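# Per-entry structural report
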Amino acid sequence: MSSSLTVCGVCDYRNIRQLSVFWCSECDEGLCEGCKDHHAASKGTRDHGIVLISELQENLIKELYDVEEKENKSITNIISSIEEKEREVTESQTNLDKVKQHASDLQTFLAMKHIQRDVTINEQFLESLIKEEKINNTSIS
């Protein structure tokens, strides 16, 4: 949609300032009431889809709200997953501190292997978020 929605494209071409009320997406221009009638009657443009600009704006706003709601849910889910992984990492750090404090060298070594496995799993989870493009840009069509 062009930036000058308020001016009829056909009238503007004829140096007449007329407000547009309709939009032809095939021609990508606004039309006033009179030009819309000619546009609908002309053989070359009679099959074009013409909509009221107000309807088009309402549809775009609705689509924007729908996309926003969907993306908010997605973001909330990702944040929850990351917070859960953060809790797991904190728990692993606490466990490591306890093991270092109270365990023998062999027990510490074995516990470190277990903690290392947990850290690897959490790292793979974070990498999968990026690879699966769950954290990416959203475009509105």
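Just so you know, the residues in each chain are numbered from 1, in the order the chain's sequence is written. Given that this is a predicted model, residues contribute local features only at a pLDDT of at least 70 and side-chain atom pairs are listed and counted only at 80 or more, while totals for whole chains, interfaces and linings are drawn from all residues. Working from all heavy atoms in the structure, the side-chain values ignore hydrogens and water.

Axis definition: a line fitted to C-alpha atoms, over the contacting stretch in the case of helices. Angles run 0 to 180 degrees between N-to-C directions. Secondary structure is summarised from DSSP: a helix means a run of H or I of at least four residues, a strand means a run of E of at least two, and numbering begins at the N terminus for each. Across the interface, helix H3 (residues 53-102) lies against helix H4 (residues 105-131) with an axial gap of 10 Å and an inter-helix angle of 165°. By the angle class used here, H3 and H4 are roughly antiparallel. Where H3 crosses over H4, the handedness of that crossing is left-handed. Taken together, the residues of H4 that come into contact with H3 (itself represented by Ile78, Ser81, Ile82, Lys85, Glu88, Val89, Ser92, Asn95, Leu96 and Val99) are Gln107, Thr108, Ala111, Met112, Ile115, Asp118, Asn122, Phe125, Leu126 and Leu129. Roughly parallel means an angle under 35 degrees; roughly antiparallel, over 145; roughly perpendicular, 65 to 115; everything else is oblique. Left-handed describes a crossing whose near helix is turned anticlockwise from the far helix by less than a right angle; the clockwise case is right-handed. The contact rule is simple, with two residues in contact once any of their heavy atoms fall within 4.5 Å.

Turning to H3, a few remarks are in order. For H3, built from 50 residues, the straight-helix expectation of 74 Å at 1.5 Å per residue is met to within 8% by its first-to-last C-alpha distance of 73 Å. Looking at H3, one finds that the buried residues are Ile53, Leu56, Ile78, Lys85, Ser92, Leu96 and Val99. In this structure, the buried side of H3 is in contact with strand S1 (22-24), strand S3 (50-52) and H4. Under the convention used throughout, the expected extent of a helix is 1.5 Å for every residue step, that is, one less than its residue count. Between buried and exposed lies partly exposed: a residue is buried under 20% and exposed over 50% of the maximum accessible area for its type, with that area taken using a 1.4 Å probe on protein chains only.

By nonpolar core is meant a set of buried Ala, Val, Leu, Ile, Met, Phe, Trp, Tyr and Cys residues that side-chain atoms within 4.5 Å join together. Residues Cys8, Cys11, Phe22, Cys24, Leu31, Cys32 and Cys35 constitute the largest nonpolar core, which totals seven residues. If we ignore the near neighbours within four places in the chain, the residues touching Leu31 are Cys8, Val10, Ser20, Val21, Phe22, Cys24, Lys36, His39 and Ile50.

What follows concerns the sheet that holds strand S2 (residues 29-31). Strands qualify as paired when DSSP identifies two bridges or more between them. One open sheet accounts for three strands, arranged S2-S1-S3; its pairing is antiparallel. Lying at the two open borders of the sheet, with one neighbouring strand each, are S2 and S3. Adjacent strand axes in the sheet meet at a mean angle of 35°, parallel and antiparallel pairs treated alike. Two strands pair when backbone bridges link them, and S1 and S3 are joined in this way by three bridges, in the antiparallel orientation. Across the sheet, Phe22 pairs through a bridge with Leu52, a residue of S3. Sheet strands touched by helix H2 (residues 33-41): S1, S2 and S3. Its angle to S2, the strand with the most contacts, is close to 105°. Set on the sheet, H3 makes contact with S1 and S3; between it and S3 the angle comes to about 80°.

This part covers H4. Helix length check: H4 (27 residues) gives 38 Å between terminal C-alpha atoms against 39 Å at 1.5 Å per residue, within 8%. Close packing links the buried residues of H4 with H3.

When you line up the elements, Lys85 lands in helix H3. Classification of Lys85 by relative accessible area gives buried; the value is 18%. Excluding anything up to four places from it in sequence, Lys85 contacts Asn122 and Phe125.

Each Phe, Tyr or Trp ring, with Trp reduced to its six-membered ring, pairs with another whose centre is within 6.5 Å; inter-plane angles below 30 degrees give stacked pairs, above 60 give edge-to-face pairs, and intermediate values give tilted ones. What the rule picks out here adds up to zero aromatic pairs. Only when the NZ atom of a Lys or the CZ atom of an Arg is both within 6 Å of the ring centre and within 35 degrees of the ring normal do we say a charge sits over the ring. In this arrangement the basic side chain of Lys36 is found over the ring face of Phe22, its NZ or CZ atom lying 5.1 Å from the centre.

A separate point is unusual backbone geometry. Backbone geometry places Asn15, a non-glycine residue, at a positive phi of 60°. Phi at Asp28 takes a positive value of approximately 60°, unusual for a residue other than glycine. Considering the arrangement of structural elements, one finds Asp28 in the loop between S1 and S2. Using a relative accessible area of 39% as the deciding quantity, one classes Asp28 as partly exposed.

This next bit is on the pattern of salt bridges. Salt bridge, as applied in this entry: a Lys or Arg side-chain nitrogen positioned within 4 Å of an Asp or Glu carboxyl oxygen. Scanning the model with the defined rule gives seven salt bridges in all. Lys73 is the salt-bridge partner of Glu69, the closest N and O atoms lying 3.5 Å from each other. Here Glu69 and its partner Lys73 are both found in helix H3, four residues apart, which amounts to about one turn of the helix. Across the pair Glu71 and Lys70 runs a salt bridge, and its minimum N-O distance is 3.9 Å. Given the relative accessible area of 57%, Lys70 is considered exposed.

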